[in-house]
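Letter by letter, the chains look like this.
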Amino acid sequence: MAKSKSEFIFPSFEINGESEIPVYRQIYDLIRNLILNGTIRSGQRLPSSRELAEKLKVSRTTILQSLDDLFSEGYIEGKTGSGTFVSSKIPESFINSISANRTTRNKKLVNKKSSRLNKYLDAEKLDYNKFQPFKPGVPDLNNFPFSIWSKLLANVSNELSPKEFGYGSAAGYKPLRIAIANHIRISRSVKCEPEQIIITGGSQQGIDLICRVLLERGNNVGFEDPGYPGARDIIGAAGMNIVPLQMDEEGLSFKDVKKKCDLIYATPSHQYPLGITMTLNRRLELIDYASSKNIWILEDDYDSEYRYDGHPISSLQGIDEYGCVIYMGTFSKVMFPGLRIGYLVVPENLIESFTAAKLLSDRNSPIFEQAALQKFISDGHFGRHLRKMRILYEQRKKFFYEAVEKHLNKYLNLHKTETGLHTVGWLKNNRSDRKIAKHFFENGVITPPLSSYYIDKGKKTGLVLGYAAYSEKQIISSIKIMKEILQSK
Ligand SMILES: Cc1ncc(COP(=O)(O)O)c(C=O)c1O
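In every chain, residue numbers begin from 1 and rise along the written sequence. Whole-chain, interface and lining totals are the exception, using all residues; otherwise, since this is a predicted model, local features are given only for residues with pLDDT of at least 70 and side-chain atom pairs are given and counted only at 80 or more. Hydrogens and water are ignored here; the side-chain numbers use all heavy atoms of the structure.

Asker: Where do I start with the packing of aromatic side chains in this structure?
Answerer: Where two aromatic rings form a pair, the distance of their centres and the angle of their planes describe that pair. A pair of Phe, Tyr and Trp rings is counted when the ring centres sit within 6.5 Å of each other, with Trp represented by its six-membered ring. The angle between the planes then sorts it: under 30 degrees is stacked, over 60 is edge-to-face, the rest tilted. In the structure shown here, the tally under the stated rule is 22 aromatic pairs. Ring centres of Phe134 and Tyr470 lie 6.4 Å apart, and the angle between their planes is 85 degrees; this geometry places the pair in the edge-to-face category. Placement of Phe134 in the loop between α5 (122-127) and α6 (146-159) and of Tyr470 in the loop between β13 (462-466) and α15 (472-488) is noted, with a sequence separation of 336 residues between them. Each member of the pair Phe134 and Tyr470 is classed as buried. Where Phe331 meets Phe382, the ring centres are 5.9 Å apart and the plane angle is 70 degrees; that geometry is what we call edge-to-face. Pair noted here: Phe331 is in the loop between β9 (325-330) and β10 (342-345) and Phe382 is in helix α13 (residues 381-408), with a separation of 51 residues, a long-range link. With relative accessibility at 3%, the residue Phe331 sits in the buried group. By the ring-pair criterion, three or more aromatic residues cluster together here, those being Phe131, Phe134, Phe400, Tyr401, Tyr467 and Tyr470. Only runs of H or I of at least four residues qualify as helices and only runs of E of at least two qualify as strands under DSSP, and these elements are numbered from the N terminus. For each residue, the accessible area found with a 1.4 Å probe, counting protein chains only, is set against the maximum for its type, and the residue is called buried under 20%, exposed over 50%, and partly exposed in between.

See the structure below:
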């Protein structure tokens, strides 16, 4: 193609001084995009480096750096002195069709696959990053010993041998698996050897691995109703049918279930969100049921380290004589959610399959955090932090219950709970929990409506209230806001 003399009008462009992308690379991207979307065509002349430098208000050296990269990748050609031209080797048809193709192709893909996932982002949009009363599911992030944690992170980066920085074991860092096994054998009566521990990126990934290893698309999963949406969404997104299982005062009720389930998901120590602790009788019945039907139970033991009254209750896995329970734990409540470390305790004959699934999913969890966590546990910081927080949370629970009794007893009945970081407040007169939660939310108080946790419609309305993470000052001021709203509505 003959080289055209005409120069196009260079579009105005703001260099982003805050960006991590170097300025010369921003200019490279700009010109490259103008070529690929067909704004400047093969043979067309670019403004001189001096003009470009003036126009974009950068040095000529920066412009020459951008042009160098474009030259070496074949987007432009030319000789010093005679000008710079868009390469004649880029086929016209490619350039013309590229942007149109990209739009139609993306549209097709978005329609088919991606949009199916978008509904799972609703919770993320609403309030995920907010840390204010009474958002449930978060520990007190102001009381975590971050100074110790950062020292441990620095120490492990010096102490780990170079080979630990290569690809690690997919099942997890062995010393951490040993520390976890030692901890849960004692604190939760879990029967396990370190080899059975698979380190995960939190419960979210744990459930995903369970779907991959134990279930096929279209399997039925019995799920507590109301239940934990985080788990329900992963199972649903993996293509399973969710079968709602009712709750009664003893815990999960599974006898009337119409469909045969392949797996039952349960939070027996502290049902999420109702806060019920499953009775021993019901636990034994559930294990018998699962073993007689030859199905799995996934025990999500997310916050039972915080037990304030009554006897410590062992895990379901600890009393399972048949090997049908997969135990799942997380450090999100006892450390902090951003850590993204959890674990599964899997039967011996499935260790390899779970390790393979983890390998395929993300190769292995990050080594720094695993090693620092192992130190945190083995050096005794974990035990100290847990004891300190248990006392603090118990005081807050007492304070919260007394404050609700004093200010809100006309409107709310709190469920009595001995475990965990949250409870449920039943709304008197069955008022609409969604409407009330919306008013609270608009005034800075987060109280997820119980009805949003149900698959089938719940009989009673209520609010899910995380009390443990917030100071007494925050608790009382939020309760006063709630009172004012409830009085006025
Ligand atoms: C029932 C239940 N399981 C597990 C988790 C923790 O999930 P992750 O380990 O992915 O942070 C939560 C968090 O709120 C929860 O409520």
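Asker: Please clarify how a positive patch on the surface should be interpreted in this entry.
Answerer: Taken together, the side chains of Lys113, Arg116, Lys119 and Arg217 present a region of like positive charge at the surface. Residue placement: Lys113 occurs in helix α4 (residues 92-118). Patch definition: residues with relative accessible area over 30% and no salt bridge; like charges joined within 9 Å; nonpolar side chains (Val, Leu, Ile, Met, Phe, Trp, Tyr) joined within 5 Å. Note that accessible areas follow from Shrake-Rupley with a 1.4 Å probe, and for residues the cover is restricted to the protein chains shown. Between Lys or Arg on one side and Asp or Glu on the other, a salt bridge is scored when a side-chain nitrogen of the former is within 4 Å of a carboxyl oxygen of the latter. All tallies of charge rest on Lys and Arg as positive and Asp and Glu as negative; His and the ends of each chain are not included. By convention, the charge on Lys lies at NZ, on Arg at CZ, on Asp at CG and on Glu at CD.

Asker: Looking at this structure, I do not really get the pattern of salt bridges. What am I missing?
Answerer: Two side chains that carry opposite charge are able to pair once their charged atoms sit near each other. Per the counting criterion, the structure on display carries 17 salt bridges. Taking the shortest distance from any N to any O, the salt bridge between Glu77 and Lys89 comes out at 3.8 Å. Taken together, the residues span a long stretch of sequence, with Glu77 in strand β1 (residues 76-79) and Lys89 in the loop between β2 (83-86) and α4 at a distance of 12 residues. A salt bridge links Glu285 to Lys255, with the nearest nitrogen and oxygen atoms 3.0 Å apart.

Asker: Sorry if this is basic, but what is going on with α15 here?
Answerer: Since the α-helix advances by 3.6 residues per turn, residues separated by three or four positions end up pointing in the same direction. Here the expected length of a helix is defined as 1.5 Å per residue gap, with one fewer gap than residues. Along its 17 residues, α15 runs 24 Å from first to last C-alpha, staying within 8% of the 24 Å computed at 1.5 Å per residue. Along α15, the residues that are buried comprise Ile475, Ser478, Ile479, Met482, Ile485 and Leu486. The buried residues of α15 occupy an angular sector of 125 degrees when projected down its axis, which confines them to one face. For α15, the exposed residues set more than 90 degrees away from the buried face come down to Lys473, Glu484, Gln487 and Ser488. Arc, as used here, means the arc of the directions from the helix axis to the C-beta atoms.

Asker: What is the right way to read the nonpolar core from this model?
Answerer: If you look at soluble globular proteins, the nonpolar side chains tend to sit buried side by side. Only buried residues count toward a nonpolar core, which is a set of Ala, Val, Leu, Ile, Met, Phe, Trp, Tyr and Cys residues joined through side-chain atoms within 4.5 Å. Of all hydrophobic cores here, the largest spans 64 residues; its most connected members are Phe331, Met335 and Phe400. At 10 residues, the largest contribution of residues to this core is made by α13. Residue contacts follow a heavy-atom distance rule, with two residues in contact if any of their heavy atoms lie within 4.5 Å. Apart from the residues lying within four places of it in its own chain, the contact partners of Phe400 are Phe134, Leu414, Thr423, Leu465, Tyr467, Ile475 and Ile479.

Asker: Could you clarify how one ought to interpret the sheet that holds β13 in this entry?
Answerer: One key point about sheets: their strands pair by backbone hydrogen bonds, in either a parallel or an antiparallel sense. Across the sheet, three strands lie side by side as β11-β12-β13; this open sheet has antiparallel pairing. Strands at the two margins of the open sheet, each flanked by one partner only, are β11 (412-414) and β13. Here the average twist between neighbouring strands, direction ignored, is 30 degrees. Here strand β12 (residues 422-427) pairs with β13 via five bridges, running antiparallel. The partner of Val424 across the bridge, within β13, is Val464. Packing against the sheet, α13 makes contact with β11, β12 and β13, and its axis sits at approximately 160 degrees to β11. DSSP calls a pair of strands paired once it identifies at least 2 bridges connecting them. Axes, fitted as lines to C-alpha atoms, cover a helix only where it is in contact. Angles between the N-to-C directions of the axes lie from 0 to 180 degrees.

Asker: What am I meant to see in the sheet that holds β10 here?
Answerer: Read across the sheet, eight strands follow the order β3-β10-β9-β8-β7-β4-β5-β6 without closing on themselves; strand pairing throughout is mixed. Among the strands making up the open sheet, the edge pair consists of β3 (197-200) and β6 (251-252). Pairing geometry for strand β4 (residues 220-225) and strand β5 (residues 241-248), over six bridges, is parallel. By the bridge assignment, Asp225 is partnered in β5 with Gln246.

Asker: How should I be thinking about the site of the ligand in this particular structure?
Answerer: Definition of nearness: a residue and a molecule or strand are near each other if at least one heavy atom of the residue lies within 4 Å of the molecule or strand. Near the ligand lie 13 residues; those nearest to it are Ser203, Asp300, Thr330, Ser332 and Lys333. For this analysis, a polar contact is any N or O atom pair within 3.5 Å, provided that within protein one partner can donate a hydrogen and the other can accept it, and provided that sequence-adjacent residues contribute only side-chain to side-chain pairs. Between the ligand and Ser203, the relevant distance is 2.8 Å, taken from an oxygen atom to a main-chain nitrogen or oxygen of the residue. Contact distances for the ligand include 2.6 Å between an oxygen atom and a side-chain N or O atom of Thr330. Here the ligand, which alone exposes 400 Å², has 93% of that area covered by the protein. Looking at the shell around the ligand residue by residue, the class counts come to four nonpolar, six polar and three charged. Three classes are used, and their members are as follows: Ala, Val, Leu, Ile, Met, Phe, Trp, Tyr, Cys and Pro are nonpolar, Asp, Glu, Lys and Arg are charged, and the others, Gly among them, are polar.

Asker: Looking at this structure, how should I read the environment of Asp208?
Answerer: With respect to the element layout, Asp208 can be found in helix α8 (residues 202-214). Between the alpha carbons of Asp208 and Ile235 there is a distance of 7.3 Å; along the sequence they are 27 residues apart.

Asker: What is the right way to look at the packing of helix α2 (residues 49-56) against helix α3 (residues 60-72) in this model?
Answerer: Two quantities define a packed helix pair, namely the angle between the helix axes and the distance between the axes. Across the interface, α2 lies against α3 with an axial gap of 8 Å and an inter-helix angle of 115 degrees. α2 and α3 meet at a crossing whose hand is right-handed. Residues Ser49, Arg50, Leu52, Ala53 and Leu56 of α2 form the contact with α3, whose own contacting residues are Arg60, Ile63, Leu64 and Leu67. Considered class by class, the residues forming the contact of α2 with α3 number six nonpolar, one polar and two charged. The handedness criterion is simple: a crossing whose near helix is rotated anticlockwise from the far helix by less than a right angle is left-handed, and one whose near helix is rotated clockwise is right-handed.

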